[in-house]
Amino acid sequence: MQRETLAQPNGYRVSRRRFVRIASVASAVALARITTEADLAFAQRRIARDIPADAILINANENPLGPCIQACSAMSALGVKGGRYEFGLTQELVKTFAEIEGLKPEYVRAYAGSSEPLHYAVLAYTSPEKSLVMGDPAYEAPMRAASYSKARVFKVPLAKNYAHDVKAMVGADPNAGLLYICNPNNPTGTTTTREEIEYALVNKPKGSILLIDEAYIHFSDAKPVLDLADADKEVVVLRTFSKIYGMAGLRCGFAIARPDLLARLEPYGWNSMPVTAVVAATASLKHKGLVLERQKINADIRNDVFSWLATNKYSFVPSESNCFMVDVKRPGKQFIEAMEAKKVYIGRVWPAWPTHVRVTVGTGPEMEVFKKAFKEAMETPALAVQGPPKSAESWRTDRPYASLS
Ligand code: PLP
């Protein structure tokens, strides 16, 4: 008997039986807002409007270089075809990525940015009974998604070397549903070794999955773990074109995992891809020298800022990414406002580290403006410093995460 299949927005087909199952899960899911870096960066601004045209924007971990020339040409050449969904282009993107990375194409799924699969993975794998375990400080989006699945959130402080403390993470809750590891981490830009990730994989609570967010992997020497997904492990890996490829506004990303793990994300959302992003992403992947070239540009500027900070005896966390944390020895929010008054928009503060602020690596000239403004703001007398970070045990919480400060 022939199995009836239904077309999906990305050009895939699913069986009628699976479609009915997806539809029934979807009808039980409350509508949930997807948190993005853009939302978080926007929310922390004191005056959320009227950014001066000459402001320095190093607040949202964007790439000031934008898309490469090849990506821009691909988008303009596509213009005339923009009236069609062009599903085949998404399949070509997936195939290109799979070939480059040595993956099976059915293990790769394209989304309009990695925020979507991140959010859907948390909804799919956490619940009031199945918690989310993550680092602290770490990217807040999973925690926000968990407020919709009503999952408990275990925030585990980073280890002394600022890697994820995988031993503490796997032991945080025997009923964990998802362990989130961002590598390199946002906001610290620090890395977790492949051995540590493999330890987490072997020792994680039964039935849970690892969500490995490799949004910033190309900036660092951290070892990617795409092969673990391809080897059928209980791992979902996320990639985005928003960072090294400079396509944050264009929106393209991937979830990479065993097809049955990816299928669990489907009920929460799956749309056709913006064709401009798809052709730009494909062109970027095909540009062979791009990643190394941009990795070097970022590292040179970042290291120059680090030597300047060190020479001036400012303390910062050594990062391997396009952002870093610097200790301003006063309430971070106050400092952000002082910088904003100088038209330099830096990133936000994490409650666990109230005197640190996140700074994105901009262009060389932008970072010169940053240095000047930073020094002036540091020389302004600080108001009272808040208390020390909470004790090591304070991340154990019995309540679902409710709100962000
Ligand atoms: N993951 C991390 C750690 C991020 O910092 C971001 C954005 O800044 C994302 C995922 C999502 O990026 P996008 O949705 O732009 O692909």
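Look a little higher up for the structure.
The following refers to the structure shown. (Residues numbered from 1 in each chain as written. Predicted model: local features only at pLDDT ≥ 70, side-chain atom pairs only at ≥ 80, totals over all residues. Heavy atoms only, no water.)

Observations concerning the packing of helix α5 (residues 115-125) against helix α6 (residues 141-149)
- Here α5 crosses α6 at 40°, and the two axes come no closer than 8 Å. Considering their axes alone, α5 and α6 lie oblique with respect to each other. α5 and α6 meet at a crossing whose hand is right-handed. Contacts from L118, H119, V122 and L123 in α5 reach A141, P142, A145, A146, Y148 and S149 in α6.
- Tallied by class, the residues present in the contact of α5 with α6 amount to 8 nonpolar, 2 polar and no charged. (Axes fitted to C-alpha atoms, helices over the stretch in contact; angles between N-to-C directions. Helix = DSSP H or I, 4+ residues; strand = E, 2+ residues; numbered from the N terminus. Parallel < 35°, antiparallel > 145°, perpendicular 65-115°, else oblique. Left-handed = near helix turned anticlockwise from the far one by under 90°. Contact = heavy atoms within 4.5 Å. Nonpolar A, V, L, I, M, F, W, Y, C, P; charged D, E, K, R; others polar.)

Considerations on the sheet that holds strand β5 (residues 131-136)
- The 7 strands are arranged β4-β10-β9-β8-β7-β5-β6 in an open sheet whose pairing can be described as mixed. A single partner strand is all that each edge strand has here, and the edge strands are β4 (108-111) and β6 (153-157). Taken pair by pair, the neighbouring strands of this sheet meet at an average axis angle of 20°, ignoring direction.
- As paired strands, β5 and β6 are joined by 5 bridges and run parallel to one another. Residue pairing in the sheet places D136 in a bridge with P157 of β6. (Pairing = 2+ DSSP bridges.)

Examining the nonpolar core
- Residues L93, F241, F254 and I256 are the most contacted members of the largest nonpolar core, which totals 52 residues.
- Of all the elements, helix α11 (residues 275-286) adds the most residues to this core, at 7 residues.
- Not counting residues up to four positions away in its chain, the partners in contact with I256 are F97, L103, Y107, V108, L226, A229, V235, V236, V237, R239 and L262. (Core = buried A, V, L, I, M, F, W, Y, C linked by side-chain atoms within 4.5 Å. Buried < 20%, exposed > 50% of the residue type's maximum accessible area, 1.4 Å probe, protein only.)

With respect to the pattern of salt bridges
- In total, this model carries 21 salt bridges according to the counting rule given.
- A salt bridge links E140 to R348, with the nearest nitrogen and oxygen atoms 2.7 Å apart. In this pair, E140 is assigned in the loop between β5 and α6 and R348 in the loop between β13 (344-346) and β14 (356-360), connecting sequence segments 208 residues apart.
- The partner of K371 in a salt bridge is E368, with the nearest N and O atoms 2.9 Å apart. Of this pair, K371 and E368 both sit in helix α14 (residues 364-379), separated by 3 residues, roughly a single helical turn.
- The exposure class assigned to K371 is buried, which follows from its relative accessible area of 7%. (Salt bridge = Lys/Arg side-chain N within 4 Å of Asp/Glu carboxyl O.)

Remarks on the sheet that holds β14
- Read from one edge to the other, the open sheet built from 3 strands follows the order β11-β12-β14, with strand pairing classed as antiparallel. Looking at which strands have only one partner, the edges of the open sheet turn out to be β11 (315-316) and β14.
- Pairing analysis gives 2 bridges linking β11 to strand β12 (residues 323-327), with the strands arranged antiparallel. Its bridge partner lying in β12, S315 is registered against D327.
- Helix α12 (residues 290-311) contacts β11 and β12 of the sheet and is inclined by roughly 5° relative to β12.

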